[in-house]
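# Working through the structure, step by step
The chain contents come next:
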Amino acid sequence: MVFGEKPATVSGVSSFSEVVDEACERLMDRQIKHSIRRIQEMEARLTNLERELDEFLFRGN
């Protein structure tokens, strides 16, 4: 870099603070998506367990 020129920016971001904020937002988005996916998986498992319990109880009567 030549003295006196503006420093290079990453995708239009001009300060370290903005880069950190953008990285944190992306990480948070990924964590939210992962959490939603895990909740959906757990919901599917719970549904299967409820179905199995219903079948078990029906056979017992």
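Our subject is the structure that appears above.
Described in the following lines is the structure provided in the data block. (Residues numbered from 1 in each chain as written. Predicted model: local features only at pLDDT ≥ 70, side-chain atom pairs only at ≥ 80, totals over all residues. Heavy atoms only, no water.)

For the protein chain, the helix and strand inventory stands at one helix and zero strands. The burial tally for the protein chain puts 2% of its 61 residues in the buried class. Carbon and sulfur atoms make up 60% of the accessible area of the protein chain, which totals about 6200 Å². (Helix = DSSP H or I, 4+ residues; strand = E, 2+ residues; numbered from the N terminus. Buried < 20%, exposed > 50% of the residue type's maximum accessible area, 1.4 Å probe, protein only. Areas by Shrake-Rupley, 256 points an atom, 1.4 Å probe, with all protein chains shown as cover.)

Taken together, the side chains of Met-28, Ile-32 and Ile-36 make up a nonpolar region of the molecular surface, amounting to roughly 290 Å² of accessible area. Its place among the elements puts Ile-36 in helix H1 (residues 16-60). (Patch = residues over 30% accessible without salt bridge, like charges linked within 9 Å, V, L, I, M, F, W, Y side chains within 5 Å. Salt bridge = Lys/Arg side-chain N within 4 Å of Asp/Glu carboxyl O.)

What the rule picks out here adds up to four salt bridges. A salt bridge links Arg-26 to Glu-22; the shortest N-O distance between them is 2.7 Å. With Arg-26 and Glu-22 both in helix H1 and four residues apart, the pair spans about one turn of that helix. By relative accessible area, Glu-22 is classed as partly exposed at 25%. Glu-55 serves as the salt-bridge partner of Arg-59, at 3.7 Å between the closest nitrogen and oxygen.

Next up on the list: a negative patch on the surface. Together, Glu-18, Asp-21, Glu-25 and Asp-29 make up a negatively charged patch on the protein surface. The exposure class assigned to Asp-29 is partly exposed, which follows from its relative accessible area of 43%. (Lys, Arg positive; Asp, Glu negative; His and termini not counted. Charge placed at Lys NZ, Arg CZ, Asp CG, Glu CD.)

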